[in-house]
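Report on the structure
Below, each chain spelled out in residue letters.
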Amino acid sequence: MKRQLQTPSIKKPSKAKALRKEAKRGFVLNTYRTKVERMEDVYERSKAAKQIVDWWPETLEEFREWDDPEKGIFKFSDPTKTSPNCPDEYRPLHHRLKIVKGNLAALKAALEAATPPETTASLKAIIAAQSEQITKILMLAVQFRDEIARISPKSKYLKAEWDIY
C-alpha cells in the first residue's frame, strides 16, 4: 500500500493551540486516545483481511501531526506527550501506542514477505500489457470515429455521449 501522509504540506496550527490550558489537557488526551484506538482498529482489520487496509502513522512525529477532524483525530505539537518520559496520564496510552506500532510494523513486514518480488514483477508486466492493449483500442476507436465522421457527419455516434476518451 502506498504511504500517504494525512497532513497537508502547509503546516497549520493545531486545534489544541487555540484552546485554554484547562481545556487543552483533556482535548489532547482524548485525541491521543482516539489515534491509538484508530491504529488498533487498523491493525485488527488488516490482520483479518491479510492486507494493509488503511494508513497509519509509522513515526511519533507522524502520530503527532496526524490530523483527520472527520474521525475526531487532531494534531498536537508537544513531543513530550509521545516520549518515554510522558506525563503520568499518558503512560497507559503511550504503552498501547508502542505495542500497536510494533504490531503494525510486524504485520506489514510479514505481509510484504508473503508477496514474493517475482509475483509483483509479473503483475507489473500484466498491467503494462493491459495498458498497451487499452491504448491500441483507444487508437482504433479514434480511427473508427474519424471514419464515421467522413462517411456520415451527422451520425448519432459522433455525439458526446458516445465518447470513450
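Just above, that's the structure.
This text gives an overview of the structure that appears in the document. Worth saying up front: this structure is predicted, and the values here are computed from it rather than measured.

Looking at the overall build of the protein chain
Across its full length, the protein chain holds four helices and zero strands. Along the protein chain, helices (α) and strands (β) appear in the sequence α-α-α-α when read from the amino end. Once local pairs closer than 6 in sequence are excluded, the contacts in the protein chain between residues at least 24 apart make up 60%. About 11,600 Å² of surface is accessible on the protein chain, with carbon and sulfur atoms providing 58% of the total.

Quick look at the packing of aromatic side chains
For the structure shown, the criterion picks out six aromatic pairs. Relative to Phe-63, the ring of Tyr-32 lies with its centre 5.1 Å away and its plane at 70°, an arrangement referred to as edge-to-face. On the criterion of sequence distance, the pair formed by Tyr-32 in helix α1 (residues 21–49) and Phe-63 in helix α2 (residues 60–65) is long-range, its members being 31 residues apart. Each member of the pair, Tyr-32 as well as Phe-63, is classed as buried. An angle of 85° between the planes, with centres 6.2 Å apart, marks the rings of Phe-63 and Phe-76 as edge-to-face. Here Phe-63, found in helix α2, pairs with Phe-76, found in the loop between α2 and α3 (91–114); they are 13 residues apart in sequence, far enough to count as distant. When sorted by exposure, Phe-63 lands in the same class as Phe-76, which is buried. One aromatic cluster in this structure is built from Tyr-32, Phe-63, Phe-76 and Tyr-90.

As for the environment of Trp-66
Summarising the element assignment, Trp-66 is placed in the loop between α2 and α3. For Trp-66, a relative accessible area of 3% translates into the label buried. Separated by ten residues in the primary sequence, Trp-66 and Trp-56 place their C-alpha atoms 8.8 Å from one another.

Comments concerning the pattern of salt bridges
Under the criterion given, the structure shown has 13 salt bridges. Between Asp-54 and Arg-45 there is a salt bridge, with its nearest N and O atoms 3.8 Å apart. A relative accessible area of 34% means that Arg-45 is categorised as partly exposed. Shared partners join several salt bridges into a network, and the residues in it are Arg-38, Asp-41, Arg-45 and Asp-54.

Thresholds, definitions, all that
Per chain, the residues get numbers from 1 upward, laid out in the order the sequence is written. It should be noted that, the model being predicted, local features are given only for residues of pLDDT at least 70 and side-chain atom pairs only at 80 or more, the latter also being counted only at that level, while totals for whole chains, interfaces and linings use all residues. Note that the side-chain values use all heavy atoms of the structure and ignore hydrogens as well as water. Strands here mean DSSP runs of E at least two residues long; helices mean DSSP runs of H or I at least four residues long; both are numbered from the N terminus. Here a residue-residue contact requires only that any non-hydrogen atoms of the pair lie within 4.5 Å. In this description, accessible areas are obtained by the Shrake-Rupley approach with a 1.4 Å probe, and a residue is regarded as covered only by the protein chains that are shown. Pairing of aromatic rings covers Phe, Tyr and Trp, the last through its six-membered ring, and needs centres within 6.5 Å; plane angles under 30 degrees mean stacked, over 60 mean edge-to-face, and all others mean tilted. We call a residue buried when its accessible area falls under 20% of the maximum for its residue type, exposed when it is over 50%, and partly exposed in between, using a 1.4 Å probe and counting protein chains only. By definition, a salt bridge exists where a carboxyl oxygen of Asp or Glu is found within 4 Å of a side-chain nitrogen of Lys or Arg.

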